[in-house]
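# A look at the structure
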Amino acid sequence: MPTVSSHVAHALSAHVSHVFGVMGNGNAYFLDAVERETGAVFTAVRHEAGGVVAADAHYRASKRLAAATSTYGAGFTNTLTSLAEAAQARVPLVLVVGDEPTSGPRPWDVDQIALASAVGARTYTVGRTDAAATTVIAIEHALQYRLPVVLAIPYDVAAAEAGPLAPAPAPTLPATVAPAGEFARAQIAEIARALAAAERPFLLAGRGAWLADAGAALGELAAATGALTASTALGRGIFPDARFDLGVAGGFGADRAMALVREADVAVVFGASLNQFTMRFGELFAPGTRVFQVDVAPAATHPNVGGYVRADAGLVARELVAQLAASGDAVRAGGWRETAELADARAYEPGEVAAPDGRLDPRSTARRIAELLPEDRVVVSDGGHFIGWANMYWPVAAPDRMMMVGTAFQSIGQGFPSVAGAAAARPDATIVLTTGDGGGLMAIADLETAIRTAGGRGVAVVWNDAAYGAEVNLYGLKGLAEGPMRIPEVDFAAAARAYGAEGVVVRELAELEALADWAARPVAERPFLLLDCRISGDVIAPYQQEIIRVNSR
């Protein structure tokens, strides 16, 4: 007779193809059912946090729901930082966990419902008679609210008989948010009039626009208005015409490109939360710019927004195109985007061959790596000072090809297990990890996971400055003791070789030719490659300089 765990596994696998995690007492029966009875693929990671990270990265790379799993107690508490990151980043996933028996907690149990709630995740607990239905409800919640959920299986019911299996019901998917009411329709008309009259229109799009599949509609709107465009860090590549795109807005943006944004007289923002980094701490737009926002949040998310429409980005973009066409408003000849020097504006500082301290300049290192990486790359990023280098110098083709797991919760140590999720979601792409030495050491157990799951499709770049760079930049400059901020220099290349990868210590730009040699080999004939780049900590990323200025006011 099928067990409660079988019912959960069957209902989950009807909607989820990949499960990531660590087996323990609390989820042993669930994983047995996944392996023996379903078509879902289980990928073992080496730390429970890595299971959540991998499921998170899988969704960001594919828009497809994935699951993580851990045991109860200590296994569950190990997931909390990664669960908080998924909640802050609004990434749906299902974390299947063991839990205390229905008779009450044992000495090693904790209040998992309270802990999950504290980081923004709701818990659904299955029983002997409702396991499949509860599983589907949990999936619905994750998709409806774009949040992680916890699906708990009490220890004493995991192997209990639960009756015959039945086809899993389909979850009710969230409806597209359409403009509602006269005010929203009037606001859309106002945006159309503002764009038609604008001399220097600007469109900004974020991850929400990608989730709404709004890229084509936004491209039509940009063409209809003659607008310059840009994206947030999580929306890069969403505009189909790169000729008039300024790249990433905010702290990762090129200075001259951001100066052009400040010339805009009308700006319309689609599916972007306008956080402090995108907004350059309030200085992205000039005081005279009329700023409109289109998003599914309940209200505008920044005080600089003068007009707000709560609706799906794609719906509103298409409506604006239709209204502009119906009104007969044409793009002014010789408009803003035809006269702006965009190629020069998008350029970043090239960096030096070496920094003054003799170590690698991360700017020139990042530029050279970008020249050598395969074009089909999907980039996954840990958190830390180094995030500026990949975000500035490594262009990607679409929003689902650059993901930063950890930055929403400002955490580090999420990098290596991200590779497993992205590799499963994009089995034909090259997976490139960018991580620091601090976060890399924190996640070192899942270096093995990254090597095993990506194989010859995987590259890891470790920005090794023997420090927690962000802390040195923020607090070392204030005169605080730097001893706790420094890390003894670690040989990540040797660690990678111990796990079966190719590891290369890079002290000079010429040594990056190892990446060229690797890329030239057939995927099946090459191992995972780790580049241990010994960079200077004295070169501070522009976004970090911005943070330093704000914190010194």
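A brief look at the structure comes next. (Residues numbered from 1 in each chain as written. Predicted model: local features only at pLDDT ≥ 70, side-chain atom pairs only at ≥ 80, totals over all residues. Heavy atoms only, no water.)

Here we take up the nonpolar core. With 55 residues, the main nonpolar core has Leu95, Leu203, Leu218, Val268, Phe270 and Leu320 as its most contacted residues. In terms of nonpolar packing, the next biggest core, distinct from the first, is built from 40 residues, Phe252, Ala355, Val396 and Met402 among them. (Core = buried A, V, L, I, M, F, W, Y, C linked by side-chain atoms within 4.5 Å. Buried < 20%, exposed > 50% of the residue type's maximum accessible area, 1.4 Å probe, protein only.)

Spatially, S9-S8-S7-S10-S11-S12 is the arrangement adopted by the six strands of the open sheet, whose pairing is parallel. At either margin of the open sheet sits one strand with a lone partner, and together these are strand S9 (245-248) and strand S12 (307-310). Along the sheet, successive strands turn relative to each other by an average axial angle of 15 degrees, direction set aside. Alignment of strand S7 (residues 201-205) against strand S8 (residues 228-231), held across four bridges, turns out to be parallel. For Leu203, the partnering residue across the bridge sits in S8 and is Thr229. Across the face of the sheet, helix H10 (residues 215-225) comes into contact with S7, S8 and strand S10 (266-270) while running at roughly 170 degrees to S7. Helix H12 (residues 313-327) contacts S10, strand S11 (290-295) and S12 of the sheet and is inclined by roughly 140 degrees relative to S10. (Pairing = 2+ DSSP bridges. Helix = DSSP H or I, 4+ residues; strand = E, 2+ residues; numbered from the N terminus. Axes fitted to C-alpha atoms, helices over the stretch in contact; angles between N-to-C directions. Contact = heavy atoms within 4.5 Å.)

Now for the packing of H10 against H12. Viewed as axis vectors pointing N to C, H10 and H12 meet at an angle of 30 degrees, and their least axial separation amounts to 8 Å. The angle between H10 and H12 places the two elements in the roughly parallel class. Handedness of the H10/H12 crossing: left-handed. Touching Ala217, Leu218, Glu220, Leu221, Ala224 and Thr225 of H10 are Gly314, Ala317, Arg318, Leu320, Val321 and Leu324, all from H12. Residues of the contact of H10 with H12, tallied by class, amount to eight nonpolar, two polar and two charged. (Parallel < 35°, antiparallel > 145°, perpendicular 65-115°, else oblique. Left-handed = near helix turned anticlockwise from the far one by under 90°. Nonpolar A, V, L, I, M, F, W, Y, C, P; charged D, E, K, R; others polar.)

Another aspect to go through is the packing of aromatic side chains. One pass over the full model with this rule turns up six aromatic pairs. Seen in terms of ring centroids, Phe252 and Tyr543 are 5.3 Å apart; in terms of plane orientation they differ by 70 degrees. Their pairing is edge-to-face. Taken as a pair, Phe252 in the loop between S9 and helix H11 (255-261) and Tyr543 in helix H23 (residues 542-551) lie far apart in primary sequence, 291 residues in all. Both residues of the pair, Phe252 and Tyr543, belong to the buried class. Ring geometry for Tyr348 against Tyr393: centres 5.4 Å apart, planes inclined by 50 degrees, an arrangement best described as tilted. (Phe/Tyr/Trp six-rings, centres within 6.5 Å; stacked < 30°, edge-to-face > 60°.)

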